[in-house]
Protein chains: 2
Amino acid sequence: MSKSYLSMTKEELLNEYNSVKAEYETLKAQGLSIDMSRGKPGSDQLDISDGMLDVLSDGNFKCENGLDVRNYGLLDGIPECKKLFADLLEVKPENIIVGGNSSLSLMFDYVAQCMYMGAGFTPWSQQGNVKFLCPCPGYDRHFAICEYLGIEMINVPMTENGPDMAVIEEAVKDEAVKGMFCVPKYSNPQGITFSAETVKRIANLDTAAKDFRIIWDNAYCVHDLTDTTDELLNIFDVLPEKNKNMVVEVASTSKISYPGAGVSCIATSVENIKEILKRLTVQAISYDKVNMLRHVKFFKDANGIKNHMKLHAKILKPKFDAVIDTLEADLSGLEIAEWVNPNGGYFISLDVTGGSASRVGVLCKEAGVTLTNVGATYPYGKDPTDSNIRIAPTFPTPEVLSKAVKVLTTSVKLACLENLCK
Amino acid sequence: MSKSYLSMTKEELLNEYNSVKAEYETLKAQGLSIDMSRGKPGSDQLDISDGMLDVLSDGNFKCENGLDVRNYGLLDGIPECKKLFADLLEVKPENIIVGGNSSLSLMFDYVAQCMYMGAGFTPWSQQGNVKFLCPCPGYDRHFAICEYLGIEMINVPMTENGPDMAVIEEAVKDEAVKGMFCVPKYSNPQGITFSAETVKRIANLDTAAKDFRIIWDNAYCVHDLTDTTDELLNIFDVLPEKNKNMVVEVASTSKISYPGAGVSCIATSVENIKEILKRLTVQAISYDKVNMLRHVKFFKDANGIKNHMKLHAKILKPKFDAVIDTLEADLSGLEIAEWVNPNGGYFISLDVTGGSASRVGVLCKEAGVTLTNVGATYPYGKDPTDSNIRIAPTFPTPEVLSKAVKVLTTSVKLACLENLCK
């Protein structure tokens, strides 16, 4: 373990600065061009689902209830695909609407519906200022939905057990606070799974707003990386009667089959399902049922999906290891950065405590490594302490990743030393 | 040709009533159960696109610009699919966004965007009452979008050349009139194609609203039934500069490939495309690009689609003929009903002039034939003269259709005679 920068003398710091600066220049001279900005699977991951593409060649297009999936109809999805998602999320098929290729669209459309048509009461937009709680660091596209719809975002700090519940329990006393975005399992970007205690406290929230909604984005519900998997309590199992319509869960196969051509779903109370279908029946005739059948025939059941995820894990684990190993080798002991080693998900979150994350982003960019825009993990793109960096290790190969993370760790050190040597 | 009911004596009418009533009872006794309510292709039509389902088995998932269609990205669609639709609609690829399986969703989302975010100006919903012009009889799902979003609908009568332009030109002097829905080719339900003169007058409308939008639903752009095809003037070719953002066209392959699993598109000005993408970039990461590539590989180009449509026509023409032949044999000369024999599209529109359409609907239903809900072809489901009946002849076989239309014509006669014999 290296000596902490915080305990170095001025002279030691200057020596270290010169050495790190030289190393940075060497790395920069490699002329790298590596993109670690997006949580995108590699093409080897996509390949493992290609069997799906000719699974319909038997010419049988009837779904369980006898309807032809190629034709119009079945607004809430084909029965067998509803069952597949229901089993995966441990709810009943009646609680499921199967969507198109994007759970993001399901979330956008639902929040927009609450804004303009209401969530069982007067539309949010007609009740004055609307606020959402945003555990952060979090997913930039959740924040983008709020920003687009004119919803004020309130930062809620993440802890190792999920969002800070004391902050949330206090905030929901404000009737203008209408909802919250959560990624409860292998959170984006930290890979944190909400503890059972956190899930219970969320389920039992005593909100001033009668029309409070939690968007429970279970994007990584089966996205384990190791055999040491995190367990997420099923929030519907602990939801009290008074909050029965509070949770709207979404999931998708974007990172199970194809990001561009998967199937998504919404899981929520029957009452909410009815409200959503009132809109959906005007907005669409059905989602793509051929693709639903393709997924069901390929995966067969929830276990089929879980087994399939092991193939992904096999590809992803070495990539996560390459990042974690380099972070540990280069940064541990320096007391200038912290990170979580997640058991699943798509990201590694790095907190730079001794320098500015935005400076690290610039240094990486100049050396040919593109990170997720620094700040993007916070509402309005503003990280209040300019410390969080989201690493998306899934797309490059482990070898390329090691190079990229070397650039990153060197940039972290350099940014920190620039500060300390001022 | 039979003798007109209008020139019959009371006694002749009573005799005719007794004879038609007996015929109706005989038909009813057959115990039919025929659904002619929806514009749904038959499964033989779906079969002709099945080659599409293994067209990706070559394992080449790269689209023209080198991106893997299975992965994230390309919000506005893959280049070759943009080109395919651009060629089909005779616009440039830069004017195209390729969507998911539903042009209805593209329309819903766009009109909602205008309502809540605006069409270049203050959101419609913040400008007071919002009105739309609805040529009718028309498509019930257009009306449903207006109704859901709280847009007041104004009926505009259809003529054989399209909507009554004098009515429209007068109506758009009201600034609250923000838009209009049109099905310009083989209109739903009449199968009327707007004349060149109509298209030009629409293009040159002098609207009081600066943010007036025409939803140009070109659902049947290549859906010819015969070699005598209707020609629709390309409205973008005659659009004056002042109205350059006025037209938002949509189309889809719902009735080219699969209703449940086709590809849709929007065609409009580059300025409108930019406005739409501002929303779309928050709402989705991309539509299903694998399905886009599947369509491009299967159809190859716009000509491929046009040739494919001839296969549909071959199946559909005998069905339309079965309906028209029965209508002519049973109703011509009676002066109690009128219909259009369309050159394309998905419907035949029957106007009952001598009786009530709703009574005909009831009589058909009692004899086992389900029509589209009478009234559905008008805003708010209210046909002011209770005369229009939409016949959807695509799903049943010609033999079944003949039986069904026999029930229909007999019901038309009976409903009329019930009135005349009162």
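Above this text sits the structure in question.
Student: Outline the overall build of chain A, listing residues and values.
Tutor: Scanning chain A from terminus to terminus reveals 12 helices and 13 strands. Here the C-alpha radius of gyration of chain A, 23 Å, is about what a compact globule of 422 residues would show, namely 22 Å. Taken over the C-alpha atoms alone, chain A extends approximately 75 × 55 × 35 Å along its principal axes. Across the 422 residues of chain A, 61% fall into the buried class.

Student: With reference to specific residues and values, describe the sheet that holds strand β2 (residues 96-98) of chain A.
Tutor: All names here are of chain A. Pairing is mixed across the open sheet formed by 8 strands, whose spatial order is β2-β9-β8-β7-β6-β3-β4-β5. Where the open sheet ends on each side, the last strands, each with one partner, are β2 and β5 (162-163). Of the pairings in the sheet, the one linking strand β3 (residues 131-136) to strand β6 (residues 177-182) comprises 3 bridges and is parallel in character. Pairing of lysine 131 across the sheet is with valine 177, part of β6.

Student: Can you lay out empty space enclosed by the protein for me, pointing to particular residues and giving the numbers?
Tutor: This model, assessed by the stated rule, comprises 12 cavities of 30 Å³ or more. A volume near 450 Å³ is recorded for the largest cavity. Those elements giving two or more residues to the lining of the largest cavity turn out to be α4 (103-116) and α8 (270-283) of chain A together with α4 (103-116) and α8 (270-283) of chain B. Class assignment for the residues of the lining of the largest cavity results in 10 nonpolar, 20 polar and 4 charged. A:Ser103, A:Tyr139, A:Ser252, A:Ser254 and B:Tyr72 are, among the 19 residues lining the second largest cavity, the residues nearest its centre. At 3 residues, the largest contribution of residues to the lining of the second largest cavity is made by α4(A). Across the lining of the second largest cavity, the residue classes tally to 9 nonpolar, 8 polar and 2 charged.

Student: Help me get a handle on the pattern of salt bridges, residues and values and all.
Tutor: Scanning all chains against the criterion turns up 42 salt bridges over all chains. As a salt-bridge pair, A:Asp87 and A:Lys83 come within 2.8 Å of each other at their nearest N and O atoms. Separated by 4 residues within a single helix, A:Asp87 and A:Lys83 lie in helix α3 (residues 79-89), roughly one turn from each other. Its relative accessible area of 35% is what places A:Asp87 among the partly exposed residues. Close ionic contact of B:Asp321 with B:Lys317 constitutes a salt bridge, the shortest N to O distance being 2.7 Å. Placement of the pair is B:Asp321 and B:Lys317 together in helix α10 (residues 302-331), with a separation of 4 residues, close to one helical turn. A single salt-bridge network, built from bridges that share partners, covers A:Asp47, A:Asp50, B:Asp68 and B:Arg70.

Rules behind the numbers
Residues numbered from 1 in each chain as written. Chains lettered and ligands numbered in written order. Predicted model: local features only at pLDDT ≥ 70, side-chain atom pairs only at ≥ 80, totals over all residues. Heavy atoms only, no water. Helix = DSSP H or I, 4+ residues; strand = E, 2+ residues; numbered from the N terminus. Rg over C-alpha atoms; globule rule 2.2 N^0.38 Å. Buried < 20%, exposed > 50% of the residue type's maximum accessible area, 1.4 Å probe, protein only. Pairing = 2+ DSSP bridges. 1 Å grid on protein atoms, 1.4 Å probe; cavity = no way out; pocket = protein on both sides within 12 Å on 5 of 7 lines; lining within 4 Å. Points joined across faces, edges and corners; volume = space filled by probe spheres on them. Nonpolar A, V, L, I, M, F, W, Y, C, P; charged D, E, K, R; others polar. Salt bridge = Lys/Arg side-chain N within 4 Å of Asp/Glu carboxyl O.

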